2 protein chains.
Amino acid sequence: MKPDSNDLASLRHKIDDLDRRLVELLAERGRVVAEVAEWKRAHDQPVYHPAREEDLISRRRAQGLGVGLDPDLVEDIFRRVMRDSRQTQGATLASHGVRPGARVLVVGGAGAMGSCLTRWFSEAGYRVAVLDRDDWGRVEPLCEGAELTILSVPIEATAAVAARLAPHLPARCVLADVTSIKSGPMAAMLAAHPGPVLGLHPMFGPTTTSLDKQIVVATPGRESAACQWLLDQLAAWGAVIVTANAADHDETMGFVQALRHFASFAFGQYLYRKGVDLHRTLDFSAPIYRLELGMVGRLFAQDPGLYAEIIFATPERRTLLREYIESVAENVRMIEAGDRDTFIAEFGRIAEWFGPFSDQAIRESSYLIDKLVERF
Amino acid sequence: MKPDSNDLASLRHKIDDLDRRLVELLAERGRVVAEVAEWKRAHDQPVYHPAREEDLISRRRAQGLGVGLDPDLVEDIFRRVMRDSRQTQGATLASHGVRPGARVLVVGGAGAMGSCLTRWFSEAGYRVAVLDRDDWGRVEPLCEGAELTILSVPIEATAAVAARLAPHLPARCVLADVTSIKSGPMAAMLAAHPGPVLGLHPMFGPTTTSLDKQIVVATPGRESAACQWLLDQLAAWGAVIVTANAADHDETMGFVQALRHFASFAFGQYLYRKGVDLHRTLDFSAPIYRLELGMVGRLFAQDPGLYAEIIFATPERRTLLREYIESVAENVRMIEAGDRDTFIAEFGRIAEWFGPFSDQAIRESSYLIDKLVERF
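Throughout, residues of each chain are indexed from 1 in the direction in which the sequence is written. Chains and ligands are labelled by the order in which they are written, letters from A for the one and numbers from 1 for the other. It should be noted that, the model being predicted, local features are given only for residues of pLDDT at least 70 and side-chain atom pairs only at 80 or more, the latter also being counted only at that level, while totals for whole chains, interfaces and linings use all residues. By convention in this description, side-chain values take in all heavy atoms of the structure and omit both hydrogens and water.

*Asks:* Explain the domain arrangement of chain A here, please?
*Replies:* For chain A, the assigned domains are domain 1 (3-89), domain 2 (103-244) and domain 3 (249-375). In this document the domain limits rely on a domain assignment from an automatic tool or a database. A C-alpha centroid distance of 39 Å is found between domain 1 of chain A and domain 2 of chain A.

*Asks:* Sorry, what's going on with the interface of chain A and chain B here?
*Replies:* In many reports, interface size means the accessible area that the parts give up when they come together. Between chain A and chain B, the residue contacts involve 164 residues of the former and 164 residues of the latter. Accessible area that two parts lose when put together, with a 1.4 Å probe and added across both, is what the buried area reports. Across the interface of chain A and chain B, roughly 16700 Å² is buried in total on both sides, 69% from carbon and sulfur atoms. Each reported salt bridge corresponds to a side-chain nitrogen of Lys or Arg within 4 Å of a carboxyl oxygen of Asp or Glu. On inspection of chain A and its partner chain B, the count reaches 17 salt bridges. Definition of a polar contact: a pair of N or O atoms within 3.5 Å, with one able to donate and the other able to accept a hydrogen when the atoms are protein atoms, and with sequence-neighbouring residues admitted only if both atoms are side-chain atoms. Where chain A meets chain B, there are 27 residue pairs in polar contact (both at pLDDT 80 or more). No other element matches helix α1 (residues 3-42) of chain A, which puts 28 residues into the side of chain A that touches chain B. Classifying every residue of the side of chain A that touches chain B gives 84 nonpolar, 26 polar and 54 charged. Contact definition: two residues touch when any of their heavy atoms are within 4.5 Å. Starting at the N terminus, helices and strands are each numbered in turn, a helix being any DSSP run of H or I of at least four residues and a strand any DSSP run of E of at least two. Gly is put with the polar residues, along with every residue not named as nonpolar or charged; the nonpolar set is Ala, Val, Leu, Ile, Met, Phe, Trp, Tyr, Cys and Pro, and the charged set is Asp, Glu, Lys and Arg.

*Asks:* Can you help me understand helix α11 (residues 287-299) of chain B in this one?
*Replies:* Note that an α-helix has 3.6 residues per turn; residues three or four places apart therefore point the same way. All names here are of chain B. For a helix, the expected span equals 1.5 Å multiplied by the number of residues minus one. The terminal C-alpha atoms of α11, which comprises 13 residues, lie 19 Å apart, in line with the 18 Å expected from a rise of 1.5 Å per residue. Under the scheme applied here, a residue whose accessible area is under 20% of the maximum for its type counts as buried, over 50% as exposed, and between as partly exposed, the area being computed with a 1.4 Å probe on protein chains only. For α11, the tally of buried residues reaches 12 of 13 residues, placing the bulk of the element in the interior. Every buried residue of α11 is accounted for by Pro287, Ile288, Tyr289, Leu291, Glu292, Leu293, Gly294, Met295, Val296, Gly297, Arg298 and Leu299.

*Asks:* Any chance you could explain the nonpolar core here in plain terms?
*Replies:* As a rule of thumb, nonpolar side chains are buried together in soluble globular proteins. Counting residues in hydrophobic clusters, the biggest one holds 98 residues, and the most contacted among them are Phe262(A), Tyr324(A), Phe262(B) and Tyr324(B). Ignoring any residue separated from it by four or fewer positions in sequence, one finds Tyr324(A) in contact with Leu259(A), Phe262(A), Ala263(A), Ala266(B), Phe267(B), Tyr270(B) and Tyr324(B). Among the nonpolar cores identified, the runner-up in size contains 44 residues, and Ala27(A), Val36(A), Val32(B) and Val33(B) belong to it. Take the buried residues of types Ala, Val, Leu, Ile, Met, Phe, Trp, Tyr and Cys, join any two whose side-chain atoms come within 4.5 Å, and each joined set is a nonpolar core.

*Asks:* Explain the relation of the copies chain A and chain B to me, please; I cannot follow it from the model alone.
*Replies:* Superposing the two chain copies requires a rotation about an axis and a translation along that axis. We superpose the copies by least squares over the C-alpha atoms of residues that have a pLDDT of at least 70 in both of them. Rotating chain A by 179° about the axis while translating it 0.1 Å along that axis superimposes it on chain B, leaving an RMSD of 0.7 Å. Expressed as a symmetry operation, the mapping of one chain copy onto the other fits a two-fold axis. Take the interface residues of chain A: 100% of them recur as interface residues in chain B, which is what a same-surface contact looks like.

*Asks:* Whenever I open this one, the packing of helix α9 (residues 246-274) of chain A against helix α15 (residues 340-354) of chain B confuses me. Can you help?
*Replies:* Packed helices, taken two at a time, are described by the angle their axes make and the gap between the axes. To get an axis, fit a line to the C-alpha atoms, keeping to the stretch in contact for a helix; angles then go from 0 to 180 degrees between the N-to-C directions. For the pair α9(A) and α15(B), the least separation of the axes is 10 Å and the interaxial angle reads 60°. Viewed along their axes, α9(A) and α15(B) adopt a mutual orientation that is oblique. Of the two possible hands of crossing, α9(A) and α15(B) adopt the one that is left-handed. For the pair formed by α9(A) and α15(B), the contact residues are Phe265(A), Gly268(A), Gln269(A), Leu271(A), Tyr272(A) and Arg273(A) on the first element and Phe343(B), Glu346(B), Phe347(B), Arg349(B), Ile350(B), Trp353(B) and Phe354(B) on the second. Of the residues in the contact of α9(A) with α15(B), the class split is 8 nonpolar, 2 polar and 3 charged. We call two directions roughly parallel when the angle between them is under 35 degrees, roughly antiparallel when it is over 145, roughly perpendicular when it lies between 65 and 115, and oblique otherwise. The handedness criterion is simple: a crossing whose near helix is rotated anticlockwise from the far helix by less than a right angle is left-handed, and one whose near helix is rotated clockwise is right-handed.

Next comes the structure, spelled out in structure tokens:
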């Protein structure tokens, strides 16, 4: 071996040694964090302590700067470590439900979202029963003593299931659903059950491993005070609760879900019709295109039935999508004429309307593009 | 102070101590990495060594697992650390051009991309001159002795600038451009200059701080061997070079750039026309929607002229966009009829066509969504 490559080998050996010590320190940190979680559990303290996290980040950034490190590097690393801590502590706390021992009935518990709910409530110490489509013969014993019943069934089945189930529920049982449309299901639940009713729309799919910082929209139905413990439980798992009325929820979701999904569908559909060579386009692409194409590709890895439900849920949504198609089509003359001036003028109006959101979007997406470049 | 809070305080003190030692180790690692960079510079070795990085990641993952850490946590941290190393090493290497002292003329050097090129070549030890629109009076001295001339001017000006400039260039000068369309500019450069010609399309914007892992498409024009040092220089800065012929490049970019940007434009346009409350939709949104809306918002923070250039560049692109509009519009009957079966069948065909890309997209975008949740 030449002396020079030997130098490189010895430097690399030093790096490996430092990296081993880094991993050992991280493991030691993990053990101390587990002790903190134990302490918090014993004293009913919340897992997440934003002020302490920001303070820790600030001090480590300053230390990093002092020893010649990029403070952003230090911040990124500690944010990642603390996220892991939150999840570890969350896992410890999950076994500590806000109403442990209470009976919870998950209707549609064999489905993807139903399975998640069943697992989360079970791990938090609830007594969970599942009612799926073949279990109606046992509906009486399944409903007995239930303090919470959650409907996790397809949109079109929600009203019928609520009507069929409600007569068997205890009067004080909280009836909730997790349907992505709220007006219809809320009306059906309120009509069927005279007790506490709460609508939920978890803004995440069943592939989510943790509720940490996930959004759940809550639409109050009846007797909010009696439903509060369910929201507390979701919050204890780390979820962020956003309250709305059912009609506002449905209108906003038309844009957030139906329109966005349909636009991605139509984009993927055109690539398919043109037989575009996806791999070649990725060879040529900036990370931003990879990310944008990934948003479209992501759709097609998922359940078409779920997207059909979301897109075709209501007549209002279908009107929204028809208007979108018309709006896209109105550009055809500008395109055919190669009319740059019209494009630039329209672009300016839209940019002004987007306002500061655009700058924020640049900042966020640039951060993510860096992550994508770094990782893949 | 109660004994119990004292316990928490002492545990937190332990964590702070561990974190201080982590930062010290990172700083020590940084110093060794700087030594490696020195060695590489002295031996003309590339900065980025993918095999060594993957090997290091695998070993640290295994070690993490052995000591009870989540291997993904360990991987994320070391990828972030190595990215920092690459940038540090890249910064060291940038001062070591592959042809230091060579004269480089940047035409349009006052523009955003031109300024970047000027800075990068200057920092790498080249003698850089800039020719902007008011400098034609000094064209002779500016061109004298140039070994490389890069055109960084708007698409529609490229042909005229090449024709006007070429007679003043030394015969052996490499003439290159950075236009996002290649067929027309390549033909113009080849017609104007009898010497070496190379087309470049950097797949990133002028806001990019580093060339690390950025893609540059190269379309060879004439005398590839004489142009090779320019590609070597870009690679030395960390860029990934993808070679293509000009016609293939332009066709693929129709999809990668023109179609994608137009689709985002039309989506933002509809939100604007409907006066959607962006902030309310974000309140309700899963991170995936935030990310998708961010991709649209991002467009409108940028230069409309640049997008008009890309979208209206050629008649072929305008045809592509017209066909896209027609393809979107074909769905109107399905939407109006609420025809779920047609939607699900079409979705299935497209999903099959996307194939494994969809799963990869789920994996990549889920990773990014985690990053988004973690950071913002």
